[in-house]
Amino acid sequence: DSTFQSRLATLSGHRKTALEAFLAVGWPTTNDEEFRFTPLRALQELQISEARQTEISLRELEALVGFKLTGHRCVFVDSRFSEELSQVPQSASVHFSLEQPDSGYDSIATYHGKLGTTNDDRFVNLNAALCSEIATLKIDSKTEVEEPIHFIFLSMSKESTDSHTRIQIKLG
């Protein structure tokens, strides 16, 4: 908790409220029904730092994934969207956008309470507080996307870092 406690001073608005909510409840334990078979102590004890933005080339990315990348892709390096590595479809019926967490919060507020898979909002709150940006892909109804859209997430750091990417996919 001290890792996240130190970040509290750097946050404001909805992000600060979300981190305060996480810290008030704390990490789940095996006494919590949804987590009784999920020991999180090792994760809790890690000294985690924020990921630093790393630049890599398309050739380096292809070497990492093991094949030549073609088609639509949204690439995130150290939890941040990489415009240079991505090839996002944009048309009258397919929209991709990025928002800063504080400004983008209102667009996800209607989903509050529906983002997690359990009744436990701890990790939803942690993600809301620490995500660096909100990526939204919206595809209008009756739209056929000819190729798959791949989401690729890379962590380039050699130390323990956290990644709190928030992706919204809205299908018409």
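Bear in mind the structure is a predicted one, so any value in this text is a computation, not a measurement.

### A look at the packing of aromatic side chains
Okay, so step 1: Applying the stated criterion across every chain yields a total of 6 aromatic pairs.
Okay, so step 2: Ring geometry for F22 against W27: centres 5.5 Å apart, planes inclined by 85°, an arrangement best described as edge-to-face.
Okay, so step 3: Judged by relative accessible area, F22 falls into the buried class, the value being 0%.
Okay, so step 4: The exposure class assigned to W27 is buried, which follows from its relative accessible area of 10%.
Okay, so step 5: Here the aromatic rings of F76 and F81 are separated by 5.5 Å at their centres, their planes lie at 65°, and the arrangement is edge-to-face. Taken as a pair, F76 and F81 share a single burial class, namely buried.
Okay, so step 6: Connected via pairs of aromatic rings, a cluster forms that spans F22, W27, F35 and F123.

### A look at helix α6 (residues 122–130)
Okay, so step 1: The buried fraction of α6 amounts to 8 of the 9 residues, a majority that puts the element mostly inside the structure.
Okay, so step 2: Turning to α6, its buried residues are R122, V124, N125, L126, N127, A128, A129 and L130.

### Notes on the nonpolar core
Okay, so step 1: If you look at the biggest cluster of nonpolar residues, it comprises 12 residues: F4, L8, L11, A18, L19, F22, L23, W27, L126, A128, A129 and L130.
Okay, so step 2: Listing elements by their share of this core, those giving two or more residues are α1 (2–8), α2 (13–25) and α6.
Okay, so step 3: Membership of the second largest hydrophobic core comes to 9 residues, among which are F76, F96, L137 and I149.

The rules we used
Residue numbers here run from 1 along each chain, matching the order of that chain's written sequence. Given that the model is predicted, a residue must reach a pLDDT of at least 70 before its local features are reported, and side-chain atom pairs must reach 80 or more before they are shown or counted; all residues, however, enter totals for whole chains, interfaces and linings. Calculated side-chain values reflect all of the structure's heavy atoms, with hydrogen atoms and water omitted. Note on aromatic contacts: the rings of Phe and Tyr and the six-membered ring of Trp form a pair at centre separations within 6.5 Å, being stacked when their planes are under 30 degrees apart, edge-to-face when over 60 apart, and tilted otherwise. Exposure is judged per residue with a 1.4 Å probe applied to protein chains only, and the accessible area is read against the type maximum: over 50% gives exposed, under 20% gives buried, and values in between give partly exposed. Strands are runs of DSSP state E lasting at least two residues, helices are runs of H or I lasting at least four, and both sets are numbered from the N terminus onward. We define a nonpolar core as any set of buried Ala, Val, Leu, Ile, Met, Phe, Trp, Tyr and Cys residues linked to one another through side-chain atoms lying within 4.5 Å.

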